[in-house]
Amino acid sequence: MSTSESSSAPELLAVVVIGAGQAGLSAAGQLLRKGLEPWEDFVVLDANDGPGGAWRHRWDSLTFDAAHGIHDLPGLPLGTPDPAEPASRVVSRYYGTYEQDLGLPVVRPVKVESVVHHVEQDTPIPETTPKAAPNAAPSEHGTFTVTASDGRTWRARTVINATGTWDSPYIPYYPGIAEFTGRQLHTRGFTAAEDFTGQRVLVVGGGTSALQFLLQLDAAGAHTVWTTRRAPDWTDRFFDSSWGMNVETSVSARTTMGLPPLSVVAATGLPVTDQYLAGLASGVLISRGPLRRITPTGVALDGPGPDGGPVPSQGPVADRLLASGGAAAGGLRHVPALPGRACTTLTTEDPLTTWETPVDVILWATGFRASLDHLSPVHIRERGGGVVMAADGVSVVKSPGLFLVGYGASASTIGATRAGRRAAVEAVRAGSNYE
């Protein structure tokens, strides 16, 4: 849709949806089913040039069969795409079809700069209107103004925020990070494993993205070293529907208290698939211990030295698999150490386990944080950075009329689909309070 169509929108919309990923599209589809009119009652603002949400930015080597958790949008089955096709193309095409088939009022590109709540205290709310969102505190009648970076504005009774995490990459601080002379990049900047052929690459992070990077880089002829803060969280649990619900429950327990969501792997663990098991056996997916410090030309790790030695603990599940199958029995792959620095004293507890190795590249597979900076004027964050969510998982307790989807328990695509539908229902209900 062209941005000019947004100029015909009424002065006050019922809902503005920010983001056109899984959660945003799910919410928009539900708004249609609830009887809201596109362009007249609601719009969807998307920062991208085309459909696909964050998926359109994924690297081509992430094929559909390697992608985790692409879930159907309501009313349009994804089907069975070519497993070798890049997931970015599959999802972009799928989302675009959904937008077109439903006639969704998507305005793009729109980078939302701020969301401001305006209170109108002298407008009474009728006693016969539906209840406010679950656990939401009472509030005065008001509206939201959504402002884009180019100055365009939209006013609405309610806002569904579905901005996800892609625009907020997280890189933790380590001593020496600013002095490293090699290349550093985050998951967000990765394009192809072949870019690193022949180079020494340190992969930082304990999630599935790190595993995929390690396997691809190794296959492309890069020399990889994997570092994690603690033993990798491998799990041999069967990933069924009850498991998924248990994960969402545990994540929701944090967000209802206003605590920041944990990483995905902290809630799910790393599944021991055949592909990952082969990586364990070959030594590619063996963590070399925690990263302690970054030097101008390498890194200091806390674990077995460069000549291998005993395999460090990879967690109870992986240790059991390695012991029973004899994988990595010969010790770790040789990793060169910087001359004369193999046992540099960097820790007081056990200085002889800390060693340095040269690397050309540091790939930070360290995840993302929720992209909520544009909501700063609404003041919804707690001191620790989290947001207190209502029991419904989508309503923001501090700001009735504002809904977060793709946050916390709804960060997965299946969770985002459910949350989008729920947020749309609550948005319609909250908006009816103002009629």
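Thresholds, definitions, all that
Residues numbered from 1 in each chain as written. Predicted model: local features only at pLDDT ≥ 70, side-chain atom pairs only at ≥ 80, totals over all residues. Heavy atoms only, no water. Helix = DSSP H or I, 4+ residues; strand = E, 2+ residues; numbered from the N terminus. Buried < 20%, exposed > 50% of the residue type's maximum accessible area, 1.4 Å probe, protein only. Contact = heavy atoms within 4.5 Å. Areas by Shrake-Rupley, 256 points an atom, 1.4 Å probe, with all protein chains shown as cover. pLDDT = per-residue confidence, 0-100. Salt bridge = Lys/Arg side-chain N within 4 Å of Asp/Glu carboxyl O. Core = buried A, V, L, I, M, F, W, Y, C linked by side-chain atoms within 4.5 Å. Pairing = 2+ DSSP bridges. Axes fitted to C-alpha atoms, helices over the stretch in contact; angles between N-to-C directions. 1 Å grid on protein atoms, 1.4 Å probe; cavity = no way out; pocket = protein on both sides within 12 Å on 5 of 7 lines; lining within 4 Å. Points joined across faces, edges and corners; volume = space filled by probe spheres on them. Nonpolar A, V, L, I, M, F, W, Y, C, P; charged D, E, K, R; others polar.

Sorry, what's going on with the overall build of the protein chain here?
Helix and strand counts for the protein chain stand at eight helices and 16 strands. Residues counted as buried form 50% of the 435 residues belonging to the protein chain. Residue pairs in contact within the protein chain that sit at least 24 positions apart in sequence constitute 71% of those at least 6 positions apart. For the protein chain, the accessible area works out to roughly 19,300 Å², and carbon and sulfur atoms hold 53% of it.

So what exactly am I meant to see when it comes to the side chain of S114 here?
Its place among the elements puts S114 in strand β4 (residues 112–119). If sequence neighbours within four positions are ignored, S114 has contacts with T145, V146, T147, H374 and P377.

Explain the confidence of the model for the protein chain here, please?
It should be kept in mind that the predicted coordinates are not to be read in detail where pLDDT is low. Mean pLDDT over the protein chain: 82, with 76% of residues reaching 70 or higher. Predicted confidence is poor over residues 122–139, with pLDDT under 50, and the contacts of this stretch with residues over four places away or in other chains come to 31 contacts. Across residues 343–352 the pLDDT falls below 50, and counting only partners more than four positions away or on other chains, this stretch makes 13 contacts in the model.

Whenever I open this one, the pattern of salt bridges confuses me. Can you help?
Opposite charge on two side chains lets them pair, provided their charged atoms get close. The full count for this structure, using the stated rule, is twelve salt bridges. The salt bridge partner of R89 is D60, with a shortest N-O separation of 3.5 Å. Of this pair, R89 sits in helix α2 (residues 87–102) while D60 is found in the loop between β2 (42–45) and α2, placing the two residues 29 residues apart along the sequence. Taking the shortest distance from any N to any O, the salt bridge between R152 and D150 comes out at 2.9 Å. Here R152 falls in the partly exposed class, since its relative accessible area comes to 23%. Salt bridges sharing common partners tie together D46, E99 and R108.

What is the right way to look at the nonpolar core in this model?
One recurring pattern in soluble globular proteins: nonpolar side chains tend to sit buried together. Judged by nonpolar contacts, the single largest core of 69 residues is most densely connected at V15, I160, F190, V203, L217, W234 and L285. Ignoring any residue separated from it by four or fewer positions in sequence, one finds I160 in contact with V15, V16, V17, I18, A27, F403, V405, A423, A424 and A427. One finds V16, W39, V396 and L404 within the second-largest nonpolar core, a separate group that totals 26 residues.

Looking at this model, I keep getting lost on the sheet that holds strand β8 (residues 200–204). Mind explaining?
The strands that make up a sheet pair up through hydrogen bonds in the backbone, lying either parallel or antiparallel. The strand order across the open sheet built from four strands is β7-β15-β8-β9, with neighbouring strands paired in parallel fashion. Pairing within the sheet leaves two strands with one partner each, and these edge strands are β7 (183–186) and β9 (223–227). The average angle at which neighbouring strand axes cross in this sheet is 20 degrees, direction not considered. Helix α3 (residues 208–219) contacts β8, β9 and β15 (361–364) of the sheet and is inclined by roughly 160 degrees relative to β9.

Looking at this model, I keep getting lost on the side chain of S26. Mind explaining?
Tracing the backbone through its elements, the reader meets S26 in helix α1 (residues 22–33). Residue class for S26 comes out buried when judged on its relative accessible area of 0%.

Honestly, unusual backbone geometry in this entry has me stumped. Any pointers?
Note: most peptide bonds trans; most residues except glycine with negative phi. For the bond running from R108 to P109, omega is -10 degrees, close enough to zero to count as cis. Here P109 shows up in the loop between β3 (106–107) and β4. The residue W39 is not glycine, and still its phi comes out positive at about 70 degrees. Turning to its location among the elements, W39 is positioned in the loop between α1 and β2. Although it is not a glycine, H379 adopts a positive phi angle of roughly 60 degrees. Relative to the assigned elements, H379 resides in the loop between β15 and β16 (402–404). By relative accessible area, which is 62% here, H379 ends up exposed.

Please explain empty space enclosed by the protein as it appears in this structure.
Summary: where empty space remains is shown by rolling a probe the size of a single water molecule over the atoms. Applying the stated rule across the entire model yields one cavity of 30 Å³ or more. In this structure, the largest cavity spans a volume of roughly 40 Å³. Looking at the lining of the largest cavity residue by residue, the classes come out as four nonpolar, five polar and no charged.

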